[in-house]
Amino acid sequence: MEKQELESYVKAGKIAKEIKEFAKEIIKPNMKLINIAEAIDSKINELGGEPAFPVNLSLNEIAAHYTPAPGDETVAEGILKIDLGVCVDGYIADTAFSVDLTGEGKFKDMIELNEKILSNVTEIVKSGVEVREVGDVAQDTLEEWNEDNDSRFVMIKSLSGHSLAQDTIHAGLTISNYRNDNRNELDGAFAIEPFVTTGVGDIYEGNAGGIYVLQSKEPVRDRDAREVLKFVKEEYKTRPFCLRWLEKEGLGRHQAYPLVSGAKLRYILSMLVKQGILHEYPMLIEKSKAPVSQVENTFVVAEGEVLVTSN
Ligand code: CO
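Rules used in this analysis
- Residues numbered from 1 in each chain as written.
- Predicted model: local features only at pLDDT ≥ 70, side-chain atom pairs only at ≥ 80, totals over all residues.
- Heavy atoms only, no water.
- Helix = DSSP H or I, 4+ residues; strand = E, 2+ residues; numbered from the N terminus.
- Rg over C-alpha atoms; globule rule 2.2 N^0.38 Å.
- Buried < 20%, exposed > 50% of the residue type's maximum accessible area, 1.4 Å probe, protein only.
- Contact = heavy atoms within 4.5 Å.
- Areas by Shrake-Rupley, 256 points an atom, 1.4 Å probe, with all protein chains shown as cover.
- Pairing = 2+ DSSP bridges.
- Axes fitted to C-alpha atoms, helices over the stretch in contact; angles between N-to-C directions.
- Disulfide = S-S within 2.5 Å.
- Donors = N, O, S within 2.8 Å, 3.2 Å for Na, K, Ca; no water.
- Tetrahedral: all angles 85-135°; square planar, octahedral: opposite > 155°, others 65-115°.
- Core = buried A, V, L, I, M, F, W, Y, C linked by side-chain atoms within 4.5 Å.
- Domains from an automatic or database assignment.
- Buried area = accessible area lost by both parts, 1.4 Å probe.
- Salt bridge = Lys/Arg side-chain N within 4 Å of Asp/Glu carboxyl O.
- Polar contact = N/O pair within 3.5 Å; in protein donor to acceptor, adjacent residues only side chain to side chain.
- Nonpolar A, V, L, I, M, F, W, Y, C, P; charged D, E, K, R; others polar.

Right, let's talk about the overall build of the protein for a bit. What the protein contains, in helices and strands, is seven helices and 14 strands. Radius of gyration (C-alpha) of the protein: 19 Å, near the 19 Å computed for a compact globule of 311 residues. Counting only C-alpha atoms, the protein reaches 60 × 45 × 35 Å along its principal axes. The burial tally for the protein puts 53% of its 311 residues in the buried class. Pairs at least 24 residues apart make up 74% of the contacts formed inside the protein by residues separated by at least 6 positions. If you sum the accessible surface of the protein, you get close to 14,400 Å²; carbon and sulfur atoms cover 45% of it.

Here it is in structure tokens:
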């Protein structure tokens, strides 16, 4: 890995770690998700990074892929997963944590186990370690915990860690959190993210959750839609984005795009999704609608050394 690339990964990780601390301080029960998201968005910019993707604020049985749009009235309650990405020159730190907002510690054990899984995995991540070794440690930790505590926590097998590359959040390698035969060695930059639940341990795709990504380069006839796409390509490259950012960036106020805001902007996005130009990610929801916990860190292996950049 080039020195410059490594430095960017480290800087992104440092910012991501600060954002986690910041988020832990500001998040309170019944706070609107939109206020949490906007505070995180601004703080990332203030610290000299860019969001690598819209912060995922997923409640209870929603495992991932929800970000609030302007006007969203949803409030934080139950168990909240905060999955955030920071990038510097396109090099990404992807990290997540879970908070119990019940006031009675209803999800304390699940989160503690989830954190233990990630910390046990972190201990064995070194140069040359194989993907399957992560799965072994993750599953062993979960099974041991269940035995010791007479509990029935389950890993969500359909959600995995992944390698990272410039402006690319899922760069090819899948890092499963259960026993598997994948002998690929962990190298470069990657994220490890176990998800634990009290449900069946699988997910289904629900409604769209407000996170968009460019999907097709086909030409678009509508002039305003073309302006929106141009802006998205310039600002976010191949990275995911959301309505909140387009509103904030002042597409409606920007001289070049005087017509595109509010309802019009929402309409354009939905039209582009229908045409297949944009993809809007569906929410990933636990199959039995049981609560889900998540923790995640980004790792960089460079010259035989392992850095946990977001921790
Ligand atoms: Co991730």
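This part is about the sheet that holds strand 14 (residues 305-308). Pairing is antiparallel in the open sheet, where five strands are placed in the order 7-6-8-13-14. Looking at which strands have only one partner, the edges of the open sheet turn out to be strand 7 (174-175) and strand 14. Alignment of strand 8 (residues 188-192) against strand 13 (residues 297-302), held across five bridges, turns out to be antiparallel. Across the sheet, residue Ala191 finds its bridge partner in strand 13, namely Thr298. Strands strand 6 (161-164), strand 8, strand 13 and strand 14 of the sheet are contacted by helix 1 (residues 3-26), whose axis makes an angle of about 160° with strand 13.

On to the sheet that holds strand 5 (residues 154-155). Two modes of strand pairing occur in sheets, parallel and antiparallel, and in both the strands are linked by backbone hydrogen bonds. With respect to topology, three strands assemble into an open sheet ordered 5-9-12, the strand pairing being antiparallel. Of all strands in the sheet, those bounded by a partner on one side alone are strand 5 and strand 12 (292-294). Pairing of strand 5 with strand 9 (residues 195-197), which is carried by two bridges, proceeds in the antiparallel orientation. By the bridge assignment, Met155 is partnered in strand 9 with Val196. Across the face of the sheet, helix 3 (residues 108-124) comes into contact with strand 5, strand 9 and strand 12 while running at roughly 150° to strand 9.

Once that is clear, we can look at the state of the cysteines. Across all of its chains, the model carries zero disulfides by this definition. Left without a disulfide partner, Cys87 is nearest to the cysteine sulfur of Cys242, which lies 13 Å away.

Six octahedrally arranged donors around a metal ideally form angles of 90 or 180 degrees; four tetrahedrally arranged donors ideally form angles of 109.5 degrees. Only Asp94 (OD), His162 (NE2), Glu193 (OE) and Glu296 (OE) from the protein coordinate the cobalt ion, and they sit 2.1 to 2.4 Å from it. What the four donor atoms of the cobalt ion show is an angle range of 80 to 169° at the metal, which sorts the shape as irregular. Look at where the donors of the cobalt ion fall in the sequence and you get D-x67-H-x30-E-x102-E. Highlighted residues: His162 in strand 6 and Glu193 in the loop between strand 8 and strand 9, separated in sequence by 31 residues. According to the relative accessible area criterion, His162 is buried, its value standing at 2%. Relative accessible area serves as the criterion here: at 6%, Glu193 is assigned to the buried category.

For strand 1 (residues 50-59), the buried fraction is high: nine of the ten residues fall into the buried class. Two elements, strand 1 and strand 3 (residues 79-88), share seven bridges in a ladder whose sense is antiparallel. Opposite Glu50, over in strand 3, you have Cys87 as the bridge partner.

Among the nonpolar cores identified, the biggest contains 29 residues, and Ile27, Leu33, Ile36, Ile40, Leu57, Leu80 and Ile82 are the most heavily contacted of them. Mapped by element, the contributors of at least two residues to this core are helix 1, helix 2 (33-46), strand 1, strand 3, strand 4 (91-100) and strand 11 (278-286). Those residues in contact with Ile40 that sit more than four places away from it in its chain are Ile19, Phe22, Ala23, Val55 and Ile82. Listed in part, the 27 residues of the second largest apolar core include Ile79, Val125, Phe190 and Phe299.

This paragraph deals with the domain arrangement of the protein. Assigned domains within the protein: domain 1 (3-206 + 284-308) and domain 2 (209-282). The C-alpha centroid of domain 2 is placed 27 Å from the C-alpha centroid of domain 1. Contact residues are listed per partner, giving 25 residues for domain 1 and 18 residues for domain 2. Taken over both partners, the interface formed by domain 1 and domain 2 buries close to 1,600 Å², and the fraction arising from carbon and sulfur atoms is 57%. It is Pro54, His65 and Asp167 in domain 1 that bury the most area against domain 2; as a group they hold 34% of the surface buried on that side. A salt bridge links Glu50 to Arg239; its shortest N-O distance comes to 3.4 Å. Between the two partners, domain 1 and domain 2, sit ten residue pairs in polar contact (both at pLDDT 80 or more). Residues of the side of domain 1 that touches domain 2, tallied by class, amount to 14 nonpolar, six polar and five charged.

Structurally, Asp41 is set in helix 2. In this structure the C-alpha to C-alpha distance between Asp41 and Leu84, which are 43 residues apart in sequence, comes to 9.7 Å. Setting aside residues up to four positions removed in sequence, Asp41 forms contacts with Arg244 and Trp245.

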